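# Report on the structure
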Amino acid sequence: MLLKDQVALVTGSTSGIGLGIAQVPEGRRLFPRRERFWPGLLVHQAGHLAVFAGRHAERDDWTAGKVYTLSERATSVLENLAAPIDVTVIAPTTIGEGRPNPVRAELHEVLMRMSKVSSALHVRMLDPDRDRQESERLLDDFALSGRELADGVVLIRAGQGTTLRRAYLLPNDLVTFATGPEVQANGPRVKAFRGEEALLGKFLEVSEPRKIRVCYTQGHGEPAFDDLEPFHGYAHLRDLLRAANLDTQVVDFGGPDPLHECDLLLVAGPQGTFERSEVAAIEAYTDAGGDLLLLTGAVFMRGRAQLAPHGLEPLTATYGVRFGERVLIDPSGMAGASDNYAFTLDQGWADHPAVRSLNMQPVSFMSARELSISQPAEMLLGTTERGWAEADL
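These numbers were taken from a predicted model, which means no experiment stands behind them.

Analysis parameters
Within every chain, residues take consecutive numbers counted from 1 along the sequence as written. Reporting in this predicted model follows two pLDDT cut-offs: at least 70 for local features of residues, and 80 or more for side-chain atom pairs to be given and counted; totals over whole chains, interfaces and linings ignore these cut-offs and use all residues. Hydrogens are left out, water is left out, and the side-chain values use all remaining heavy atoms of the structure. The secondary structure listing takes helices from DSSP runs of H or I that are at least 4 residues long and strands from runs of E that are at least 2 residues long, numbered from the N terminus. For the exposure calls, accessible area comes from a 1.4 Å probe over protein chains only, and a residue counts as buried if that area is under 20% of its type's maximum, exposed if over 50%, partly exposed in between. The criterion used for residue contact is that any of the two residues' heavy atoms lie within 4.5 Å. Methods summary: accessible areas were calculated by the Shrake-Rupley approach with a probe of 1.4 Å, and residue burial reflects only the protein chains presented. We define a salt bridge as a side-chain nitrogen of Lys or Arg found within 4 Å of a carboxyl oxygen belonging to Asp or Glu.

### Focus: the overall build of the protein chain
Summing up its helical and strand segments, the protein chain has eleven helices and 21 strands in all. Out of the 393 residues belonging to the protein chain, those deemed buried represent 51%. Across the protein chain, contacts joining residues at least 24 apart in sequence account for 68% of those joining residues at least 6 apart. Accessible surface, the protein chain: about 18800 Å² in total, of which carbon and sulfur atoms supply 49%.

Set out below in C-alpha cells:
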C-alpha cells in the first residue's frame, strides 16, 4: 500500500527511526516553533511512513483480558486482500513434558482475528503428532525437509497453476523467546510476538504480483546497503525492506529519467551534498507525486563549527520544513554512546498509526538536528522536557 504525494523526513541517526513526527494533511503545514525542540520525522499528506515505522516492531500490547489487538495497518492490508490465501499452521499442541506450545497459541489467536477481518484468509491448524501424514505431504509440497515438524512452520499459499505462489515462516520469524532461570524451570515462554508483521509481509508477497520498488541514493556518503557494520551499515535495513515485500534498487542519476521506476525514493544518511542536477531530478520526482523518505541528521563540517548541508534543504522548505544549525541534546542517555549527542526515548509517542507500534520501545537517536516547522501539524514525538538545541558545536 503506497499513497502518493508524500514526503517524509527524519533527522538523527538512521539506526533509530526519528525523533519528532508531524502528520500533515493536504496543504503544506508543519510544526510551530516552540521552546521544546522537535527533531524530526515528518510526513506530508498521510505517508507510507507507517510501514517503515512499524514494520519490524515487536508487538506485546495485550489487553488485560489477554486479547490480541490487530494494528490499523493489519486491518487495512487484510481488508484489501483480493484473492484467497490459504494459511496452514503446522505446530505441535504441546512440547516438552506436555507443556502448551506458546507459539501455536499466539498464532491461533492472531490468525483467528485476522480471518474475521478478511474472508479471503483461510486458516487451518495441524498438529504433526496427530496429522503427521498430511503435515509431511504439505512440507514436501513446499520443498521443506521435514525438520520443521518438531518446531513448527506456517505455510502460506495463493493462486493456482502458473499463478501459484508459496511462502513460509518459522518460529524465529514470529516470536522472541524469553530467557533466564524461569524459562529453564517452566519451559519456553514468548517474550514478544512479531507475527503480525511477518504474516502481513508474506500475505503481500503471495498476493501482489508487483512489488513496491524502493530506490535509494548512494555516492553522497550514505552507508552501503551491503554493509553489516553496527550503527553504520544498512544491510539489516535492506533485509527488513525485502522481508516486507519491497524491492530495493540503487538510483543511477546518470540516466535521462533516473527515478521513473521508483515507487519510493529513500535518501538515507547522506554525508555530502547532492549535485544541482540530482536535486532537480528529485524535485521533478516529488512534483510529479513521487514519494520521498529522507533520513538525515547533523553532519559536522571538518574544522568548522557548523553543520554540513546536503543540498535538499530548499526542497524540504517548500513543504514547510527548515533545517536549523543546532544539534539536539537530551539527558536521556544511550549506553555506550556520547552523553552529548546520543539519547534514548521509550515513551512519549502519540496514538497515531505511523508510530503506535513504537510506544514503550526504546529508540536511540544520535546527532539529531534541529528543525523549524510551520504550523499546523500533529506532534507525534519530541525530546523530553529536559532536551535542548545546542549551538556550541
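That shown, we press on.
### Brief notes about unusual backbone geometry
For Ala 143, which is not a glycine, the phi torsion comes out positive at approximately 60°. Residue placement: Ala 143 occurs in the loop between α4 (132-141) and α5 (148-151). The class of Ala 143 is exposed, set by a relative accessible area of 69%. Even without being glycine, Ser 367 reaches a positive phi, approximately 55°. Residue placement: Ser 367 occurs in the loop between β18 (363-366) and β19 (369-373).

### Quick word on the pattern of salt bridges
Summed over all chains, the structure comprises 13 salt bridges. The partner of Asp 127 in a salt bridge is Arg 130, with the nearest N and O atoms 3.6 Å apart. On the basis of relative accessibility, which here comes to 3%, the residue Asp 127 falls in the buried class. You can call Arg 130 exposed: its relative accessible area is 61%. Across the salt bridge formed by Asp 239 and Arg 238, the nearest N and O atoms sit 3.2 Å from each other. Each of the salt bridges in this network shares a partner with another, and the network as a whole consists of Arg 124, Glu 134 and Arg 137.

Any link to function would need more than the numbers given here.
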